[in-house]
Amino acid sequence: MTATTTAPMAATPERTRGTPNARLRAWATRAPLLPALIFMIVVTQLPFVATLVISFFDWNSLYPDARAFAGLANYGEVLTDPDLRRSVWTTILLTVAVVLASLVLGLVLALLLDRRFRGRGIVRTLLIAPFLVVPVAAALLWKHVLYNPEYGLFNGLLHYVGGPQPDWISDAPLLAVEASLVWQWTPFMMLILLAGLQSRDHQQIEAARVDGASDWQIFRHLTLPHLRRYLELGALLGSIYIVQNFDAVFTITSGGLGTANLPYTVYQTFYQAHEHGLASAAGVLVVIGSIIIATFALRVVSSLFREEVSRG
Amino acid sequence: MSDATTDMPDTRTVARGTTADTRPARSHRARGAGLGVAAWLLGLLFFLPIAWMVLTSLHSEPDAATNPPSWAASLTLDGYREFFGVGGGASPWPALINSTVASLASTLLVLLLAFPAAYALSIRPVKKWTDVLFFFLSTKMLPVVAGLLPLYLFAKNTGLLDNIWLLVLLYTSMNLPIAVWMMRSFLAEVPVAVIEAAQLDGARLPTVLARVVAPIAAPGIAATALICFIFSWNELLFARVLTGVVAETAPVFLTGFITSQGLFLAKVCAASLVISLPVLAAGFAAQDKLVQGLSLGAVK
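Presented here is an overview of the structure given in this document. (Residues numbered from 1 in each chain as written. Chains lettered and ligands numbered in written order. Predicted model: local features only at pLDDT ≥ 70, side-chain atom pairs only at ≥ 80, totals over all residues. Heavy atoms only, no water.)

## Some words on the overall build of chain B
- Helix and strand content of chain B: 14 helices and zero strands.
- Counting the 300 residues in chain B, one finds 54% classified as buried.
- Residue pairs in contact within chain B that sit at least 24 positions apart in sequence constitute 72% of those at least 6 positions apart.
- When the accessible area of chain B is evaluated, it comes to approximately 13000 Å², of which 66% is carbon and sulfur surface. (Helix = DSSP H or I, 4+ residues; strand = E, 2+ residues; numbered from the N terminus. Buried < 20%, exposed > 50% of the residue type's maximum accessible area, 1.4 Å probe, protein only. Contact = heavy atoms within 4.5 Å. Areas by Shrake-Rupley, 256 points an atom, 1.4 Å probe, with all protein chains shown as cover.)

## Thoughts on the interface of chain B and chain A
- Opposite the 112 residues of chain B that make contact, chain A presents 106 residues.
- Note on chain B versus chain A: buried area summed over both sides is about 9900 Å², and carbon and sulfur give 76% of it.
- There are one salt bridge connecting chain B and chain A.
- In this structure, the salt-bridge partner of A:Arg124 is B:Asp288, at a minimum N-O distance of 3.1 Å. (Buried area = accessible area lost by both parts, 1.4 Å probe. Salt bridge = Lys/Arg side-chain N within 4 Å of Asp/Glu carboxyl O.)

## Here's the deal with the side chain of A:Thr269
- Mapping A:Thr269 onto the fold places it in helix H14 (residues 262–271).
- Polar contacts involving the side chain of A:Thr269 include one to the main-chain carbonyl oxygen of A:Thr265, which spans 2.4 Å. (Polar contact = N/O pair within 3.5 Å; in protein donor to acceptor, adjacent residues only side chain to side chain.)

## Here we look at the environment of B:Ala155
Residue and element names in this part refer to chain B.
- Among the secondary structure elements, alanine 155 is positioned in helix H7 (residues 145–158).
- Residue classification places alanine 155 among the buried residues on the basis of a relative accessible area of 0%.
- Each C-alpha atom of the pair alanine 155 and leucine 166 lies 8.0 Å from the other, and the pair is eleven residues apart in sequence.

## Digging into helix H12 (residues 215–243) of chain A
- The end-to-end C-alpha separation of H12(A) is 36 Å, well short of the 42 Å expected for 29 residues at 1.5 Å each.
- At A:Leu224, H12(A) shows its largest kink, close to 45 degrees, and the proline A:Pro225 lies no more than four residues downstream. (Expected span 1.5 Å × (residues − 1). Bend = angle between axes of the 7 residues up to and from the residue.)

## Quick look at the packing of helix H7 (residues 135–146) of chain A against helix H10 (residues 173–198) of chain A
Residues and elements named next belong to chain A.
- Across the interface, H7 lies against H10 with an axial gap of 10 Å and an inter-helix angle of 130 degrees. One finds that H7 runs oblique with respect to H10. The handedness of the crossing between H7 and H10 comes out as right-handed. Across the interface between the two elements, Pro135, Ala138, Leu141 and Trp142 from H7 touch Ala179, Ser180, Trp183 and Gln184 from H10.
- Tallied by class, residues from the contact of H7 with H10 come to six nonpolar, two polar and no charged. (Axes fitted to C-alpha atoms, helices over the stretch in contact; angles between N-to-C directions. Parallel < 35°, antiparallel > 145°, perpendicular 65-115°, else oblique. Left-handed = near helix turned anticlockwise from the far one by under 90°. Nonpolar A, V, L, I, M, F, W, Y, C, P; charged D, E, K, R; others polar.)

## Notes on the pattern of salt bridges
All names here are of chain A.
- One pass over the full model with this rule turns up five salt bridges over all chains.
- Of the charged contacts in the structure, one is a salt bridge between aspartate 114 and arginine 200, with a shortest N-O distance of 2.6 Å. Here arginine 200 lies in the loop between H10 and helix H11 (202–210) and aspartate 114 lies in the loop between helix H5 (82–113) and helix H6 (120–128), a separation of 86 residues in the sequence. The same class applies to aspartate 114 as to arginine 200, namely buried.

## Considerations on unusual backbone geometry
All names here are of chain A.
- Backbone geometry places leucine 257, a non-glycine residue, at a positive phi of 55 degrees.
- Positionally, leucine 257 belongs in the loop between helix H13 (247–253) and H14.
- A relative accessible area of 55% means that leucine 257 is categorised as exposed.
- In this structure, histidine 274 is a non-glycine residue whose phi angle is positive, near 60 degrees.
- Following the sequence through the fold, histidine 274 ends up in the loop between H14 and helix H15 (276–311).
- By relative accessible area, histidine 274 is classed as partly exposed at 25%.

Given below as structure tokens:
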């Protein structure tokens, strides 16, 4: 790889004939960037363009001869088919619930961990651990070890207090998936918010305290405004990952009982039902949803980023 | 870890010694201790499922599948033996090796591509470098499902289905934007004077990158590598669709347990723990840089 990046550099002196030096130097500066840039364009943009094209075709791979241009018919079907429409709704519900719950929990944990107390490092490590379990493994843990109605930990603990013995996944399938995801994503939110808390201006807080401000006033008028952009960043990055969630839905319910979100539906539509056109249209809709979130995300990241650049 | 455990925020107020200050300071301290206990309780609560998974993995299958749970059952490594296929059953080794190869190779490729790019975007910025940086970021926001079908068709038609090297390329594209962003912020901290001095001595770009920039930015590069490794190791959707028998990765191997019933509870736990072990190790090692990587370098 280094060879490809250096080749244009080494070649520059010989190619000076007739071309202005400045342009060559500009290319020489760009050269180290090009391999990464070209790689990204080829591997991510080309397949998406192909998805876009396929989404306009009526194409089931079991009937390759019946392939035909279908215009917007696939989009119409995705938006009117009750199952597919339900998966759009499920995606929104799942994403909003998980992001909000993990953000609130993450905030509470970050505020607690921002204080000094005995063993803070250990507690921090314990809290990060759920985020570091392989997602499929975490989903298996919730499905079999915690939720199982016969020998799961939850019903085991309920047994001691003589509580009911619900079948968690059958009784509240979407909630079951959400709970496992909140468990995995709370540490992520906590880490971002903790970084935000630690970048506060402590002199300002001292000054407010000397002036007689209560803890709540300090939190409400100093900490929360400062954390706003970190909360936004956590929410938006969390959304981008959770909108795309496949592992938990696939593992815990296999998309059953009304938990199929768009990524799972796309997977199933093309992998099991072989409906290429339909799957692509659903895929394009996921992209449109992501673009809406991403536009906000990019704005937040760029405002944080501009701050950094102007500081440097 | 590196905490000063005795320091209280109020020490200064108390030291000033006015009687008016003492009472609020004392109640403040009591509440501080209470909040410390609350943090401990929540920390343990969040860790409980993992602790329970460890305990279950060390029980025999009958002891693992009881209600109420058996806390005091004798410990055994049978779950782990079962997982490694000692008593028959599919061996996880091919999947573990595939995951190792895919994760390490793609991490290496990411570093080779991202390092020069980060250099061009930080130390010697090209024109419109912020636009380029944001292009990288925007690709990260393109959902995996957006290109999955064409990639599948491509793999099928070129015979690359069930080939670990296709995964290597895809994992590289998945992690390259994060790596570029992270490394850019690490390279920005390398003093320009050092680089200029090396160039005055006649060093060419590759030499400068390898001998001057890389050693200074080494800790940041290592953290970047660990995070890329974690993401590749965890990935399921690409692996599930594009691999089969030969190139199956560890998460795909785990999906074999999705429908398994109580008979294999200890084995499921052992499998989950063994497969999570590299990620847990890499994650704890990169703890401090984890946020920066996951937030695409936006938060330090």
